[in-house]
Amino acid sequence: MMHHIGRRLSRRFEERTRDRSLTSAQWRLLVLLRRAGEMRQARLAEALEIEPISVSRMIDRMEQGGWVSREPDPTDRRARIVRPTARAMNSLSRLGDVAEAVYAEALRGFSRSEIDTLMGLIDRMNLNLATADGETACGTSKIGAEA
């Protein structure tokens, strides 16, 4: 069920951002860079849970579109550092409005208490799975925090 909800959220998000020519995976990459700062391609692949070759191809397209820049890592000549461009940062500042609208649609009819309960339960599931895998829980839910 959560997989289907995630796919529907992604589809809604892509519908509302189609004019910006980025997929939801590309938006996720930009949001990650905004939150964590510049990072190596290999770390991006790990954080996005995508194969390194897929991230490399995604970054190729995003670099051609002016969304990211990729430069050699000064501490490791084999690695590349990915940074969001000014264009990306400007678009990301407007992205929050789109995300809020999609989440508001998904949570329509929920009370504040129901939203808090739902988000708390999802965060606990995330923590349980991350702990079982020996990871730290990242991406804890902020959906509905302002609703």
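This text goes with the structure placed above it.
Keep in mind the model is a prediction, meaning the values are calculated, not measured.

Undergrad: I would appreciate a short explanation of the pattern of salt bridges in the present structure.
TA: Enumeration according to the criterion identifies 11 salt bridges in this entry. One salt bridge connects aspartate 76 with arginine 78, and the closest N-O pair in it is separated by 3.1 Å. Residue arginine 78 is classed as exposed on the basis of its relative accessible area of 73%. Residue aspartate 116 pairs with arginine 112 through a salt bridge whose shortest N-O separation is 2.6 Å. With aspartate 116 and arginine 112 both in helix α6 (residues 112-132) and 4 residues apart, this pair spans about one turn of that helix. According to the relative accessible area criterion, arginine 112 is partly exposed, its value standing at 32%. Residues participating in the shared-partner salt-bridge network are Arg40, Asp73, Asp76 and Arg78.

Undergrad: Teacher, can you tell me more about the nonpolar core here?
TA: The nonpolar side chains of a soluble globular protein tend to be buried with one another. Leu29, Leu30, Leu44, Met62 and Val68 are the most contacted members of the largest nonpolar core, which totals 24 residues. The element that contributes the greatest number of residues to this core is helix α2 (residues 24-36), accounting for 6 residues.

Cut-offs applied
- Residues numbered from 1 in each chain as written.
- Predicted model: local features only at pLDDT ≥ 70, side-chain atom pairs only at ≥ 80, totals over all residues.
- Heavy atoms only, no water.
- Salt bridge = Lys/Arg side-chain N within 4 Å of Asp/Glu carboxyl O.
- Buried < 20%, exposed > 50% of the residue type's maximum accessible area, 1.4 Å probe, protein only.
- Helix = DSSP H or I, 4+ residues; strand = E, 2+ residues; numbered from the N terminus.
- Core = buried A, V, L, I, M, F, W, Y, C linked by side-chain atoms within 4.5 Å.

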